[in-house]
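What follows is each chain in one-letter form.
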Amino acid sequence: MPCTSSKVAPRTSSNARPLHGHSLLLPFFLRPRAQLASTSSSSSAARRKKIMAVIPRGRPGTSLGHRRPTLPLLLFCCLLLAFFPCRASAFHSFVGTYGVNYGQIADNLRTPPEVVRLLQMAKIKNVRIFDSNHNILDAFRNSGLNLAIAIPNGLVKDISANPAKAMDWVNENVQPYYPSTRISAIIVGNEILGGADSGLAEALIGAVVNVHDALRALRLSRTIEVNTPHSEAVFGSSYPPSNGTFRPDLMVYLKPLLDFFSKTGAPFYVNAYPFLAYMSDPEHIDVKYALMEPNAGILDPKTNLHYDNMFEAQLDATYSALELAGYPDMEVRVSETGWASEGDASETAATLENARTYNFNLRKRLFLRKGTPYRPKRVVKAFIFALFNEDQKTGPGSERHFGLFKPDGSVSLDLGFKGLTSSSSSLHTDRRAAAKGWIFSAAAALLWSCSSTFVFLALAA
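Here the structure is a predicted model, which is why all the values come from computation and not from measurement.

Student: Describe helix α6 (residues 153-161), listing the residues and the values that go with them.
Tutor: Among all positions of α6, only V156, I159 and S160 are buried. Taken around the axis of α6, the buried residues stretch over an arc of 95°, which confines them to a single face. Facing away from the buried side of α6 by more than 90 degrees, the exposed set consists of G154 and A161. Its buried side turned inward, α6 meets β3 (146-151), α7 (163-173), β4 (182-188) and α8 (198-217).

This is the structure we're talking about:
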């Protein structure tokens, strides 16, 4: 996460000169005139004597004899930090703990620039899309948002078989946009392992490696992560959490992927849906346990750890499976999780109230920045599914109702987010407010910079 700066309180000394009022800490152009006059005449000689008493003296030609020339260098450093802030940690695959999946299987969504504004209003910093839509890549330029782009399943075999295809894809979808568009990750395929296409499963590791090698050739492999997400189909068992294991028949594909990710430092991405687990067995699963509402929970007999929600139990089952496979230090990150607000008649748990409850409790839990019972020091990070309801998705009715927002940008789930409005006057009002906020922020930053510089000079003079 981002660069931080520490503030150190100044040391006090019995020999140090006293400060005559707080206004001496202000730049000269903000001090009262009367004070400027008094400080420049009556007390200047006394201050020089006191300062000379505490500053070490040295012979000319030594480091102690010539301290003044260091002031321009320090002033230059202050200005450099003010106008060119630290960028070493500007690009991360995930900032904070909360992200969202931006699906586009709909014919009535807002334009990408409007979606960017919606995300900024909601203060959602991490976004994942399921392709490399150039209109979205353009809209995300200089937005301050992290964007994970994807290689669809249909391209995985070609990219795996031919490294040149991987380089072509990176040159077409990454090079023209990065770094003005913060491409934080390239997601290779989606839920490939555990599916019916064994040839696609065999090709996955080759595609991941080829994409990573293309990024490395362009010196981007340290700033853009390469990964692939998995569904619950990769697990042989997941209950209780300590009994989490991967399917033995998939280890031939998983093992080389896990080896590669352990070398690159990438996390293991899993799609975790308590909604789907509850729907599969509502008679034996407490809906409150799935919704993160107060409930009796479960006790894992092996670890003696208590779980009061299924989301954390699913994550710890993944940690157990990784540990058993030989990767105890690999991070688990959630690539998808959510709850449908509407569905078919048979999907009785897909209600607006349940969707709001799950998403509200999950968001609150993620903002606590804590780990799971089995990995308490490993902060949980998750992409929520999804940003919008998508009217052209196939499958059961619930597939079209996972959105935090409706297609027009209005709020679907009341989580405290502010939606977009359709009137042009409101759009102009929002733009004017954003412009005023930017001007105020820039002015405040400049004033802080100047004040800090003059405070430093006042204390050093």
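Student: Got a sec to walk through the nonpolar core? Specific residues and values, please.
Tutor: Buried together is how nonpolar side chains tend to be arranged in soluble globular proteins. Of all hydrophobic cores here, the largest spans 103 residues; its most connected members are V174 and F246. With nine residues, the single largest contributor to this core is α8. Apart from the residues lying within four places of it in its own chain, the contact partners of F246 are V234, F235, G236, M251, L254, L258, F268, A321, L322 and A325.

Student: Describe in detail the sheet that holds strand β9 (residues 268-271), supporting the description with residues and values.
Tutor: With respect to topology, nine strands assemble into an open sheet ordered β5-β4-β3-β2-β1-β13-β12-β9-β6, the strand pairing being parallel. With partners counted over all chains shown, the strands left at the sheet margins are β5 (225-227) and β6 (229-230), one partner each. Taken together, the six bridges between β3 and β4 define a ladder with parallel strand orientation. Paired with A150 across the strands is I187, a residue of β4. The sheet strands contacting α7 are β3 and β4, and the helix crosses β3 at an angle near 145°.

Thresholds applied
- Residues numbered from 1 in each chain as written.
- Predicted model: local features only at pLDDT ≥ 70, side-chain atom pairs only at ≥ 80, totals over all residues.
- Heavy atoms only, no water.
- Buried < 20%, exposed > 50% of the residue type's maximum accessible area, 1.4 Å probe, protein only.
- Helix = DSSP H or I, 4+ residues; strand = E, 2+ residues; numbered from the N terminus.
- Arc of directions from axis to C-beta.
- Contact = heavy atoms within 4.5 Å.
- Core = buried A, V, L, I, M, F, W, Y, C linked by side-chain atoms within 4.5 Å.
- Pairing = 2+ DSSP bridges.
- Axes fitted to C-alpha atoms, helices over the stretch in contact; angles between N-to-C directions.

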